[in-house]
Amino acid sequence: MLLSSNAVNPFPGGTMRISELADSTGVSVATIKYYVREGLLSPGRKLSERLADYDDQHVRRLRLLRVLRDVGAVPVGALKALVDATQDRTASVHDMFGKACDALRVETSVPAARGDHTRELADRIVAQAGWTEVRADAPERDHLAGIIEVILDSGLPTDPEGAATYLPLVDAIAAYELDQIDDTQDREAMMEQMVLGQVVLGEFLLCLRRLAHEHHSALRFAERRE
């Protein structure tokens, strides 16, 4: 498994001051205080008017927030939505994951699809993959439609309906990643593992794809000069 939710805590079972918390997580004291004010991190246990201590739950949350901000550039609003999703005890774990996926939708320069045709193509691809449990109003359906429209408008020699080549590979990756989630953990730990997989493994796969492109480009075109 590439990601584990069991990060090593330098203060196992103990508590620490905010300066020690900052040192152990690499998150500045000012940022920690900001996260507390924004409700992304629970306050430390009050020792006095100006002093509080923190524990391994704070370490875990801060490490997650740091990865999301540093690797995924996830905005504060999305971070709040993720925290809210873990607190909604009426939602199933599946619904919680769905809210997390929606929150992690990063705004891109891909425009919204202008017509129904590309949305129909997007829905057809989802159906072709056999992903019957995807919500009809999932934001990613609209995003996929926008990407298809860009492909069609660009003149690229790419058939959006030729996605059949990719679908089994993507399905296998998604199934593998979900299988790695330890369902004996509490909801927050499961959310943490799922979100880290979305953000970090997403970047990992993009990086591998670029490396593979370089390799196969050299095999095919290295000798071509025209």
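First things first, this report covers the structure right here in the doc.

Conventions used here
Residues numbered from 1 in each chain as written. Predicted model: local features only at pLDDT ≥ 70, side-chain atom pairs only at ≥ 80, totals over all residues. Heavy atoms only, no water. Helix = DSSP H or I, 4+ residues; strand = E, 2+ residues; numbered from the N terminus. Polar contact = N/O pair within 3.5 Å; in protein donor to acceptor, adjacent residues only side chain to side chain. Pairing = 2+ DSSP bridges. 1 Å grid on protein atoms, 1.4 Å probe; cavity = no way out; pocket = protein on both sides within 12 Å on 5 of 7 lines; lining within 4 Å. Points joined across faces, edges and corners; volume = space filled by probe spheres on them. Contact = heavy atoms within 4.5 Å. Core = buried A, V, L, I, M, F, W, Y, C linked by side-chain atoms within 4.5 Å. Buried < 20%, exposed > 50% of the residue type's maximum accessible area, 1.4 Å probe, protein only. Expected span 1.5 Å × (residues − 1). Bend = angle between axes of the 7 residues up to and from the residue.

## With respect to the environment of Asp55
Mapping Asp55 onto the fold places it in the loop between strand 3 (52-54) and helix 3 (56-70). Measuring from C-alpha to C-alpha, the distance between Asp55 and Arg17 comes to 9.0 Å, with 38 residues separating the pair along the chain. Within the local environment of Asp55, its side chain forms a polar contact with the backbone nitrogen of Gln57, the two atoms lying 3.0 Å apart.

## A word on the sheet that holds strand 2 (residues 45-46)
Working definition: the strands of a sheet are paired by backbone hydrogen bonds and lie parallel or antiparallel to each other. Strand order in the open sheet made by the three strands is 1-3-2, with antiparallel pairing throughout. In this open sheet, the two edge strands, each paired with only one partner strand, are strand 1 (16-17) and strand 2. As paired elements, strand 1 and strand 3 share two bridges and run antiparallel to each other. By the bridge assignment, Arg17 is partnered in strand 3 with Asp53.

## Concerning empty space enclosed by the protein
Enumeration according to the criterion identifies one cavity of 30 Å³ or more in this entry. A volume near 100 Å³ is recorded for the largest cavity. Listed by contribution, the elements that provide at least two residues to the lining of the largest cavity are helix 3, helix 4 (76-87) and helix 9 (187-221).

## Section: the side chain of Arg61
Here Arg61 lies in helix 3. Look past the residues within four positions of Arg61 in its chain and what remains in contact with it is Leu40, Leu41, Val83, Gln87 and Glu188.

## Re the nonpolar core
One broad rule of soluble globular proteins: the nonpolar side chains tend to lie buried together. Of all hydrophobic cores here, the largest spans 35 residues; its most connected members are Ile32, Leu68, Leu82 and Val195. Elements supplying a minimum of two residues to this core: helix 1 (18-25), helix 2 (29-37), strand 3, helix 3, helix 4, helix 5 (93-103) and helix 9. What Leu82 contacts, discounting residues up to four positions off in sequence, is Leu68, Ala100, Ala103, Leu104, Met191 and Val195. With seven residues, the next largest nonpolar core counts Leu121, Ala122, Ile125 and Ala163 among its residues.

## Section: helix 9
For an α-helix, the turn length of 3.6 residues means that residues three or four places apart are oriented alike. Spanning 35 residues, helix 9 covers 49 Å between terminal C-alpha atoms, matching the ideal 51 Å at 1.5 Å per step. Bending of helix 9 peaks at approximately 30 degrees at the position of Gly197. Among the residues of helix 9, those classed as buried are Arg187, Ala189, Met190, Met191, Glu192, Gln193, Met194, Val195, Leu196, Gly197, Val199 and Leu201. Check the buried side of helix 9 and you find it contacts helix 3, helix 4, helix 5 and helix 8 (167-179). N-cap assignment for helix 9: the residue whose side-chain oxygen lies 3.2 Å from the backbone N of Glu188 is Asp186.

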